[in-house]
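Here are the chains, one letter per residue:
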Amino acid sequence: MNKTVIDDWYEVIRISDDIRLIREKYVAHWLRCNIWHLGGKNYDLLIDSGMGLRPLKQEIASLSEKPITVVSTHCHFDHIGGAHEFECRLGHRLEEALHREPNHENSGTAEFVRAETFLALPDNDFNYESYRVVPAPLTGYLDEGDVVDLGDRAFQVLHLPGHSPGSIALYEVKSKTLFSGDAIYDGELFDTVYHSDKVIYRESLQRLRELDIETVHGGHYGSFGQQRMHEIIDDYLAGRAVMGDANAWINIQMGK
Ligand SMILES: [Zn+2]
């Protein structure tokens, strides 16, 4: 690959005093994961950790000195790649084995990691064909009804299977804010991963539609409000805005 090597891999966008969005600038926009850093009184949360292409912990050290707990919304490679850098790693028990032993098939890299995935390279030795997720076994489990309490703000865990069996979201009732991972984002929803379940996905989205949510911070693309959330869900339930064949979809994203 004849591409530039970039040191300055991440960008940090301040959303509010205690919410920051970290993104891998040189991962193609159609794959780039939203990494959410939430400042808390007792500890900070990192919701998802990107592809793990450059050190993430030192990036966050410049934002906060608090201990960090990583919550992985699900086990796909674009969300868990940096988790191994952190000691406390939470996710759903149903995907425990996939965090422990990610490979080319079970983490989703086979379909999405290709030369066009990268706008630049994270280091001189990087080769997309040898990209693998570093195993980061979960150190604790989160499931429906659990509460993640940072001391000054608390999030309910919602189990929203469908995109993957152990997809979870964090819902702060007080601010009506949802951190949704890939359960919902403002783009074509993806229900054809090897362990996706379309019937269960519909149920999860129907459930989300009934919740009092003002802001959704998704696993990809921009954040949105309740009205847009309803449109995205209604489109999906009507069979629109669904990502079908991944290869064909990627070609469309790249204008081919
Ligand atoms: Zn995913």
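Scroll up for the structure.
For clarity, every value in this text was computed on a predicted model and none was experimentally measured.

Visitor: Outline the overall build of the protein, supporting the account with residue identities and numerical values.
Guide: Each helix and strand counted, the protein has seven helices and 15 strands in total. Its C-alpha atoms give the protein a radius of gyration of 17 Å, within 12% of the compact-globule value 18 Å for 256 residues. Expressed as lengths along the three principal axes of its C-alpha atoms, the size of the protein is roughly 50 × 45 × 35 Å. Every one of the 256 residues in the protein was classed for burial, and the buried ones make up 52%. In the protein, 65% of the contacts between residues at least 6 apart in sequence involve partners at least 24 apart. Of the charged side chains in the protein, 25 are positive and 41 negative; the average position of the first set lies 2 Å away from that of the second.

Visitor: Kindly report on the nonpolar core, identifying the contributing residues and their values.
Guide: Counting residues in hydrophobic clusters, the biggest one holds 55 residues, and the most contacted among them are Met51, Phe112, Ile184 and Leu208. Secondary structure elements with two or more residues in this core: strand 5 (68–71), helix 2 (77–80), strand 10 (168–172), strand 12 (189–190), helix 5 (198–209), helix 6 (226–237) and helix 7 (246–253). The element contributing the most residues to this core is helix 6, with four residues. Ignoring any residue separated from it by four or fewer positions in sequence, one finds isoleucine 184 in contact with Leu189, Leu205, Leu208, Val216, Gly218, Gly219, Phe224, Met229, Ile232 and Ile233.

Visitor: Run through the sheet that holds strand 11 (residues 177–181), naming residues and quoting values.
Guide: Across the sheet, which stays open at both edges, the six strands sit in the order 8-9-10-11-13-14 with mixed pairing between neighbours. Two strands in the sheet have a free side with no partner beyond their single neighbour: strand 8 (147–149) and strand 14 (224–225). Summarising the sheet, strand 9 (residues 154–159) and strand 10 pair through four bridges and their orientation is antiparallel. Paired with leucine 158 across the bridge in strand 10 is alanine 169.

Visitor: Can you tell me about the pairing of strand 5, naming the residues and giving the values?
Guide: The alternating pattern of strand 5 places Ile68 and Val70 on one face and Thr69 and Val71 on the opposite face, and all of these are buried. The pairing of strand 4 (residues 44–47) with strand 5 spans four bridges and is classified as parallel. Opposite leucine 46, over in strand 5, you have valine 70 as the bridge partner. Two elements, strand 5 and strand 6 (residues 88–91), share three bridges in a ladder whose sense is parallel. Note that in strand 6 the partner of valine 71 across the bridge is leucine 90.

Cut-off values and rules
- Residues numbered from 1 in each chain as written.
- Predicted model: local features only at pLDDT ≥ 70, side-chain atom pairs only at ≥ 80, totals over all residues.
- Heavy atoms only, no water.
- Helix = DSSP H or I, 4+ residues; strand = E, 2+ residues; numbered from the N terminus.
- Rg over C-alpha atoms; globule rule 2.2 N^0.38 Å.
- Buried < 20%, exposed > 50% of the residue type's maximum accessible area, 1.4 Å probe, protein only.
- Contact = heavy atoms within 4.5 Å.
- Lys, Arg positive; Asp, Glu negative; His and termini not counted.
- Charge placed at Lys NZ, Arg CZ, Asp CG, Glu CD.
- Core = buried A, V, L, I, M, F, W, Y, C linked by side-chain atoms within 4.5 Å.
- Pairing = 2+ DSSP bridges.

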